[in-house]
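Per-entry structural report
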Amino acid sequence: MTQSTSIQEDQTNAHERRASGEFVRGVSGFRNTLGGPDFPPRSGRYHLFVALNCPWCHRVTLARNVLGLQDSITLDVAFPNRTGDDDPVGPNLWEFAPERIATLTGKPLAECTHETATGHGFRLAKQIYLAEGSSEQSVPILYDKVSHRIVSNESAEIIRMLDRHATELGSTISQEQRPRLYPQDATLRDEIEALNTLIYGAINNGAYKAGFSSDQSVYASAFEAYFQALETLNTRLADNRPFLLGDAFSEADLRLFPTLYRHDPVYYLRMKLNGARILDYPHLWRWLCRIYGLTGVAESNSLDHCRQGYFGRSWNRSIPLGPLMPMPYPKAYQHPELAL
Ligand SMILES: N[C@@H](CCC(=O)N[C@@H](CS)C(=O)NCC(=O)O)C(=O)O
């Protein structure tokens, strides 16, 4: 049994495992950091390329918002569905095409943008990598608009850099008011690392392991690990703990939120994680509503993009609209009292 870290999957025998039907996520290649001479933290210098249906991108849009960096770090949003087989460059590529029509709404999605940071107006995220001689193609990307270089494409490291340099990056929230996602305290850091390892392996990436693996035993063990981890976290939040670490919102909460936000309206069906709804875990549901109510969180994502992205190209392309009971989503996230 391979053991993922809190950031990425163990790549041992990745090729054979993929061949036998296991979904194995690749490793990000751009791992530079802000703070050195190459990438000094400056307001207005950096840019994020994201897709809103991507849970890893959701980590960085959450950090950008809760750290008050919306004005100092610009953002481009790709269309939720990647390119099709008829694309001249190739299939499965993130595209900056705000004119594309979403089957869910029959209209373009207002949040989608062109590529506005490189100066080339690239159509595809892949072209941003090609400009640096790389064959990678994933989002999110943290990009330097001065040196025209990719800083990082690893969300776990991007959120930590934004947290560490929020003041120099031009945060509009005072240090006293701003959450400290990764506090200095060594004990808290150990707790965060332990939670991150559980949450990345069993929940964030576990959801994909369940939904995208074509081997029943891989799916079944991912399904079990996922709901076991939800049970563990529901119990942890039972003793009147507003956040995973206690009274303060931290990186551990930020990394758990994108998956649970997608569970009832998307993953329950799309990832075959129909063991239960988050609504069935009262302490987790109240935690989800609490985070959703924090400043900047609701604006950091869109369920329309998630629904379009996860269902728009799968099954027969019609997109499930539920759940409607006890209340449509995301409106239900404003109602902690709905928990059973
Ligand atoms: N470890 C990366 C994972 C990023 C990732 O896998 N992004 C997906 C979107 S959900 C992607 O772009 N996959 C396309 C690909 O890698 O070709 C992170 O957390 O930033």
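Everything numeric here is computed off the predicted structure, so don't read it as measured data. (Residues numbered from 1 in each chain as written. Predicted model: local features only at pLDDT ≥ 70, side-chain atom pairs only at ≥ 80, totals over all residues. Heavy atoms only, no water.)

**Focus on the site of the ligand**
Lining the immediate environment of the ligand, one finds 13 residues, of which Arg25, Trp94, Val139, Glu154 and Ser155 sit closest. At 2.8 Å from an oxygen atom of the ligand is found a side-chain nitrogen or oxygen belonging to Arg25. At 2.9 Å from a nitrogen atom of the ligand is found a main-chain nitrogen or oxygen belonging to Val139. Contact with the protein chains hides 84% of the accessible area of the ligand, taken as 500 Å² for the molecule alone. Counting atoms within 2 Å of the grid points, the majority share of the ligand lands in the largest pocket. (Near = heavy atom within 4 Å. Polar contact = N/O pair within 3.5 Å; in protein donor to acceptor, adjacent residues only side chain to side chain. Areas by Shrake-Rupley, 256 points an atom, 1.4 Å probe, with all protein chains shown as cover. 1 Å grid on protein atoms, 1.4 Å probe; cavity = no way out; pocket = protein on both sides within 12 Å on 5 of 7 lines; lining within 4 Å. Sits in = over half its atoms within 2 Å of the grid points.)

**With respect to the layout of surface pockets**
By volume, the largest pocket amounts to about 1000 Å³. What lines the largest pocket is a set of 35 residues, among which Arg25, Trp56, Arg82, Trp94 and Ser138 lie closest to the centre. Of all the elements in the fold, those that place two or more residues in the lining of the largest pocket are α2 (55-66), α6 (206-212) and α10 (303-311). The leading source of residues in the lining of the largest pocket is α2, at three residues. For the lining of the largest pocket, the per-class residue count stands at 15 nonpolar, twelve polar and eight charged. For the lining of the largest pocket, the domains that each give at least three residues are domain 1 (22-169) and domain 2 (186-338). (Points joined across faces, edges and corners; volume = space filled by probe spheres on them. Helix = DSSP H or I, 4+ residues; strand = E, 2+ residues; numbered from the N terminus. Nonpolar A, V, L, I, M, F, W, Y, C, P; charged D, E, K, R; others polar. Domains from an automatic or database assignment.)

**Examining α10**
In terms of burial, α10 is largely enclosed, as eight of its nine residues are buried. Contacts from the buried residues of α10 go to α2, β2 (74-77), β3 (101-102), α6 and α8 (251-270). For α10, the side-chain oxygen to backbone nitrogen distance between the N-cap and Asp304 is 3.2 Å, and the N-cap itself is Ser302. (Buried < 20%, exposed > 50% of the residue type's maximum accessible area, 1.4 Å probe, protein only. Contact = heavy atoms within 4.5 Å.)

**Details of the domain arrangement of the protein chain**
According to the domain assignment, the protein chain consists of domain 1 (22-169) and domain 2 (186-338). Taking the mean C-alpha position of each, domain 1 and domain 2 sit 22 Å from one another. Contacts between the two partners involve 34 residues from domain 1, matched on the other side by 38 residues from domain 2. When domain 1 packs against domain 2, the two sides together hide about 3000 Å² of surface, and 58% of this comes from carbon and sulfur. Three residues stand out in domain 1 for area buried against domain 2, namely Phe23, His58 and Leu104, and they jointly supply 21% of the buried area on that side. Seen at the junction of domain 1 and domain 2, the total is three salt bridges. A salt bridge links Glu22 to Lys209; the nearest nitrogen and oxygen atoms lie 2.7 Å apart. Here the element with the most residues in the side of domain 1 that touches domain 2 is α2; it accounts for nine residues. Looking at side-chain class alone, the side of domain 1 that touches domain 2 contains 18 nonpolar, ten polar and six charged residues. (Buried area = accessible area lost by both parts, 1.4 Å probe. Salt bridge = Lys/Arg side-chain N within 4 Å of Asp/Glu carboxyl O.)

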